[in-house]
Amino acid sequence: MKEKKDGRHEQALTVFGCQWGDEGKGKLVDWLADSYDVVVRFQGGHNAGHTLVVDGKTVKLNVLPSGVVRKDCVNVVGNGVVVDPFALVEEMGRLEDLGYGLDSERLRLSERAHMILPVHVELDCARELQAEKGKIGTTGRGIGPAYEDKVGRRGFRLGDLRDIGGMRADVRMRSLLWHHNALRVSLGLAEVGEDFILEGLAGISELLLPYVGDVSRELGAWRSGGKSVLFEGAQGAMLDMDYGTYPYVTSSNTLPGQVATGSGLFMEGYVLGVAKAYTTRVGSGPMVSDLSGTGEGIMLRDRGEEYGTVTGRERRCGWFDLVQMRHVCQLGGVDGLALTKLDVLDGFDEIYVCEAYEHGGERFYEMPLDVRVQEVAKPVWRKFSGWKGKSHVGVRRREDVASEALSYVSYLEEALEVSIEFLSVGASRDATIVMKDLTF
Ligand code: GDP
Ligand code: IMO
Ligand code: MG
């Protein structure tokens, strides 16, 4: 069993994004994975882009868990994930080229995880193209359509790769073709048949099948054997299908509540929320603290290099949003936070926090759940002095953090009633500051 960072004793840790994704989850998970035996993805798919910087080398992960560069970590893709088998093979190849090859001991894929097939990708892209208004700005990876087919009981799962001939004859094939062809015709796409659904699967099934199994059973056995497990969230709480800025969300539940059903393992433990020291969002939908196009918004984007890992799109940037974060700390049962990209604020004279929303003469300290209100609400800013001239690049100890930065962090802790356990001040694994002594 591995030694925990800071003497923690919980056997399970859930790490999830508290904003609109790209909070730096991958970096944190890779750093923490040193203390966990198993890292599990439980939702989302290769719409995720998680960046790790290890010994100066950048590793970009999509569907693979961020424990893959740790040789003594088992990585699990749970049943709640949707897997594009072609993209997965490509990602495994990319990792191998970087010297992080995986074997079937170190990577386990749930046989229950639904597959994203080319029909899903085509449908995702065609729907976005034809949407004049209300475009979601998806990653175009087929995530939504694959989850729709799962819920619609016509999806194929990784375990189905064991019998591709059987897929052709399965009742789900008829239902899938009937559903997709009706949509395809209305979107101006050509109708397809069984061959299109099955194309290429035989070629990759041999490669993937050694990794595929009943991982919930394997996880159960590891738990009984005392192994520690880190559950790695993708996306962010505000993209959660139920509690995010619906309909501008992803098609899965991204909150810690999804862990058990998305992995097949229930384990109580610590919940670590990851939040940037400011706010970003990529894709459409409300974001009250959005400062895109203003000097501050552009400066945050440029200093933070805020361009999407998956699509390269510019991320919208604004100051930290307390209203949104309070909502998420409560929804996610957050025990502690990691505050990332604090170094990005180094260059500012003044820093702001959105402490309330204003709309129709009313102030909201609680998140208004109506997206139409979120779309028009204005931020109420609170000003802090910055720490311009003091750089956090290379800082590794709490004692060396600028006093103004510590005041900012303390204010956030009080306002959110949550303790900030870690500060991240750079992309590399070791650019992390442990703030508290043995608090969990
Ligand atoms: P994720 O999706 O939550 O894993 O985050 P992404 O990898 O999509 O985006 C975070 C970006 O910020 C990546 O380019 C990281 O390398 C980088 N990053 C992570 N933590 C820090 C930090 O503390 N400071 C800086 N400057 N960059 C960071
Ligand atoms: P990580 O794990 C940021 C956003 C898309 C779009 C919406 C729906 O790297 O934090 P989808 O393709 O999921 O149907 O798109 O969700 N989105 C993300 N934004 N980070 C992500 O993942 C995201 N995954 C999806 O931009 O607005
Ligand atoms: Mg990302």
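Model, not experiment: these values are computed from the prediction.

About the criteria used
Counting from 1, residues in each chain are numbered in the order their sequence is written. All chains are assigned letters beginning at A, and all ligands numbers beginning at 1, according to the order in which they are written. Only residues with pLDDT of 70 or above have their local features reported here, since the model is predicted, and side-chain atom pairs are shown and tallied only from 80 upward, although totals for entire chains, interfaces and linings are computed over all residues. Computation of side-chain values covers all heavy atoms of the structure but excludes hydrogens and water. Any carboxyl oxygen of Asp or Glu that lies within 4 Å of a side-chain nitrogen of Lys or Arg is treated as forming a salt bridge with it. Helix and strand labels come from DSSP, where a helix needs a run of H or I of at least four residues and a strand needs a run of E of at least two; each type is numbered from the N terminus. Each residue is assigned to one of three classes by its accessible area relative to the maximum for its type, calculated with a 1.4 Å probe on protein chains only: buried under 20%, partly exposed between the two thresholds, exposed over 50%. Any nitrogen, oxygen or sulfur atom within 2.8 Å of a metal ion counts as a donor, with the limit raised to 3.2 Å for Na, K and Ca, and since water is left out, coordination shells can look unfinished. Angles shown run from 0 to 180 degrees and are taken between the N-to-C directions of axes, each axis being a line fitted to C-alpha atoms and, for helices, limited to the stretch in contact. For a crossing to be left-handed, the near helix must be turned anticlockwise from the far one by less than a right angle; the clockwise case is right-handed. Contacts are assigned to residue pairs that have any heavy atoms within 4.5 Å of one another. Gly is put with the polar residues, along with every residue not named as nonpolar or charged; the nonpolar set is Ala, Val, Leu, Ile, Met, Phe, Trp, Tyr, Cys and Pro, and the charged set is Asp, Glu, Lys and Arg. Stacked, tilted and edge-to-face pairs are distinguished by plane angle, under 30 degrees for stacked and over 60 for edge-to-face with tilted covering the rest, among Phe, Tyr and Trp rings (Trp via its six-membered ring) whose centres lie within 6.5 Å. Between any two strands, at least two bridges found by DSSP are needed for them to pair. Note that the domain bounds reflect an automated or database-derived domain assignment. Buried area: the accessible surface (1.4 Å probe) lost by two parts on joining, summed over both. Any N or O atom pair separated by 3.5 Å or less is treated as a polar contact, with the protein-specific requirement of one donor-capable and one acceptor-capable atom, and with residues adjacent in sequence counted only for side-chain atom pairs. The arc under discussion is defined with respect to the helix axis, by the directions toward the C-beta atoms. Consider each residue's heavy atoms; a residue with any of them within 4 Å of a molecule or strand counts as near. Only the protein chains shown count as cover for residues, with accessible areas throughout obtained via the Shrake-Rupley method and a probe of 1.4 Å.

Now for the pattern of salt bridges. This model, assessed by the stated rule, comprises 31 salt bridges. For Arg-315, the salt bridge is made with Asp-22, and the minimal N-O distance between the two is 3.0 Å. On the criterion of sequence distance, the pair formed by Arg-315 in the loop between helix H11 (295-304) and strand E13 (316-318) and Asp-22 in the loop between strand E1 (12-17) and helix H1 (25-32) is long-range, its members being 293 residues apart. Asp-22 matches Arg-315 in its accessibility class, with the two residues each being buried. For Glu-111, the salt bridge identified is with Arg-162, shortest N-O distance 2.8 Å. Note that Glu-111 is positioned in the loop between strand E7 (107-110) and strand E8 (114-115) and Arg-162 in the loop between helix H4 (143-151) and helix H5 (164-169), a separation of 51 residues in sequence. For Arg-162, a relative accessible area of 47% corresponds to the partly exposed category.

With that out of the way, let us pick up the coordination of the magnesium ion (ligand 3). For the magnesium ion (ligand 3), the full set of protein donor atoms is Asp-22 (OD) and Gly-49 (O), and the range of their distances to it is 2.0 to 2.2 Å. Of this pair, Asp-22 sits in the loop between E1 and H1 while Gly-49 is found in the loop between strand E2 (38-41) and strand E3 (50-54), placing the two residues 27 residues apart along the sequence. Across this residue pair, the class does not change: Asp-22 and Gly-49 are buried.

A few words now on the packing of helix H3 (residues 118-130) against helix H6 (residues 171-186). Between H3 and H6, whose axes approach to 11 Å, the crossing angle comes to 30°. As H3 runs across H6, the sense of the crossing is left-handed. Taken together, the residues of H6 that come into contact with H3 (itself represented by Val-119, His-120, Glu-122 and Leu-123) are His-180, Leu-183 and Arg-184. Residues that form the contact of H3 with H6 fall into these classes: three nonpolar, two polar and two charged.

Within this structure, the stated rule accounts for seven aromatic pairs. Arranged with centres 5.1 Å apart and planes meeting at 70°, the rings of Trp-319 and Phe-348 form a pair that is edge-to-face. Of this pair, Trp-319 sits in the loop between E13 and strand E14 (320-321) while Phe-348 sits in the loop between strand E15 (336-340) and strand E16 (350-359), and the two are 29 residues apart along the sequence. Since its relative accessible area comes to 4%, Phe-348 is described here as buried.

Take the sheet that holds E1 next. The 10 strands are arranged E9-E7-E5-E2-E10-E1-E11-E15-E19-E20 in an open sheet whose pairing can be described as mixed. Taken across any chain shown, the strands that pair with only one partner, and hence form the sheet edges, are strand E9 (212-213) and strand E20 (432-434). Inspection of the sheet shows E1 paired to strand E10 (residues 229-232) by four bridges, in the parallel sense. If you follow Val-15 over to E10, its bridge partner there is Glu-232.

Glancing now at the domain arrangement of the chain. In terms of domains, the chain is made up of domain 1 (12-109 + 212-270), domain 2 (115-206) and domain 3 (275-434). One C-alpha centre belongs to domain 1, the other to domain 3; they are set 24 Å apart. Each side of the interface is counted separately: domain 1 has 34 residues, and domain 3 has 41 residues. Summing the contributions of domain 1 and of domain 3, the shared interface buries around 3000 Å²; its carbon and sulfur component is 63%. Ranking the residues of domain 1 by area buried against domain 3 places Gln-19, Trp-20 and Lys-27 at the top, with a combined share of 23%. Connecting domain 1 to domain 3 are two salt bridges. Linking domain 1 with domain 3 are 17 residue pairs in polar contact (both at pLDDT 80 or more). Looking at the side of domain 1 that touches domain 3, the elements that each hand over two or more residues are H1 and E3. A breakdown of the residues in the side of domain 1 that touches domain 3 according to their chemical character gives 19 nonpolar, nine polar and six charged.

To continue, consider helix H9 (residues 215-224). Taken residue by residue, H9 has Val-215, Leu-219 and Gly-220 as its buried positions. Angularly, the buried residues of H9 cover 145° about the axis, an arc narrow enough to put them on a single face. H9 presents Arg-217 and Ser-224 as exposed residues on the side facing more than 90 degrees away from its buried surface. Here the buried face of H9 lies against E2, strand E5 (74-77), E7, E9 and helix H10 (259-263).

So, on to the environment of Arg-326. Among the secondary structure elements, Arg-326 is positioned in helix H12 (residues 322-332). Expressed as a C-alpha distance, the spacing of Arg-326 and Glu-366, which sit 40 residues apart in the sequence, is 7.6 Å. Not counting the four nearest positions on each side in its chain, Arg-326 is found in contact with Glu-355, Tyr-365, Ala-415 and Leu-416.

This part takes up the pairing of strand E11 (residues 270-276). Taken across its seven residues, E11 has seven buried, putting it largely inside the fold. What you see with E11 is no split at all: Tyr-270, Leu-272, Val-274 and Lys-276 on one side and Val-271, Gly-273 and Ala-275 on the other are buried throughout. Sheet analysis places E11 next to E15, joined by five bridges and oriented parallel. Each residue of the ladder has a partner; that of Val-274, found in E15, is Ala-338.

This part is about the site of ligand 1. With respect to spatial proximity, 18 residues lie near ligand 1, and among them Lys-25, Gly-49, Thr-51, Asp-343 and Ser-424 are the closest. Taking Ser-424, its side chain carries an N or O atom lying 2.5 Å from an oxygen atom of ligand 1. Expressed as a share of its isolated accessible area of 570 Å², the protein-covered part of ligand 1 is 90%. When residues in the shell around ligand 1 are grouped by element, the largest group, three residues, is from H1. Grouping the amino acids of the shell around ligand 1 by side-chain chemistry returns three nonpolar, eight polar and seven charged. When residues of the shell around ligand 1 are sorted by domain, at least three fall in each of domain 1 (12-109 + 212-270) and domain 3 (275-434).

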